[in-house]
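For reference, the chains in residue letters:
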Amino acid sequence: MDDQVRGGDEANESAQASGGDQTGDGDQAGGSGQANDGDQVRGDDQIRSGEHSEVDGTGVPTEQHLSELERAVLRVERGWWRIARTREAAIKNETGLPPSRYYVLLSTLIDEPHFWRADPVLVDRLRRLRDHKFDEWRRG
């Protein structure tokens, strides 16, 4: 009922457009109060490309905490087939890394808490795949 206390529809629309809850004075909850116009409204191109505007407990979009390379890794893993014809081409186009270095980086990133917070479902799936492949390799 917090939206009703703050003034109803206008506060609700503002909070939804920015991807997070806002306090009555316009500052994001737990944030510095600085507006980042480019991150507040997600365009159709970003939605189609698979970018998410997940919000953590502080009301800050979680992908804001990632480097550009980490965001590129998420884009590849969310839908490499939308980027290029082959996974290797998508890796090269998005990250600029050769596939061997990309997979070393990916293996490291999926164990990082900040990377998990950006897309928990995807990272959990990647961890399960890695663990399954490792178990198969160990069994011989």
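Since the structure is predicted, the reported quantities are computational estimates derived from the model, not experimental observations.

Peer 1: Which residues make up helix α9 (residues 120-139), and what values do they have?
Peer 2: If you check α9, its first and last C-alpha atoms are 28 Å apart, about what 20 residues at 1.5 Å a residue would give, namely 28 Å. Within α9, burial applies to Leu122, Val123 and Leu126. The buried residues of α9 all sit within an arc of 95° when viewed along its axis, so they share a single face. Those residues of α9 that are exposed and angled more than 90 degrees off the buried face are Val121, Arg128, Arg138 and Arg139.

Peer 1: An account of the environment of Ala84 is requested, with residue identities and associated values reported.
Peer 2: Inspection of the secondary structure assignment puts Ala84 in the loop between α5 (68-83) and α6 (87-95). Spatially, the C-alpha atom of Ala84 lies 9.6 Å from that of Glu94, the residues being 10 residues apart in sequence. Beyond its immediate stretch of four places on either side in the chain, Ala84 contacts Ala89, Ala90 and Asn93.

Peer 1: Tell me about the nonpolar core, residues and numbers included.
Peer 2: Note on soluble globular proteins: their nonpolar side chains tend to be buried together. Counting residues in hydrophobic clusters, the biggest one holds 15 residues, and the most contacted among them are Val73, Leu74, Tyr102, Leu106, Ile110 and Phe115. Of all elements in the fold, only α5, α7 (99-109), α8 (113-118) and α9 reach the threshold of two or more residues within this core. Excluding residues that lie within four positions of it along the chain, Ile110 makes contacts with Phe115, Val123, Leu126, Arg127 and Arg130.

Rules used in this analysis
- Residues numbered from 1 in each chain as written.
- Predicted model: local features only at pLDDT ≥ 70, side-chain atom pairs only at ≥ 80, totals over all residues.
- Heavy atoms only, no water.
- Helix = DSSP H or I, 4+ residues; strand = E, 2+ residues; numbered from the N terminus.
- Expected span 1.5 Å × (residues − 1).
- Buried < 20%, exposed > 50% of the residue type's maximum accessible area, 1.4 Å probe, protein only.
- Arc of directions from axis to C-beta.
- Contact = heavy atoms within 4.5 Å.
- Core = buried A, V, L, I, M, F, W, Y, C linked by side-chain atoms within 4.5 Å.

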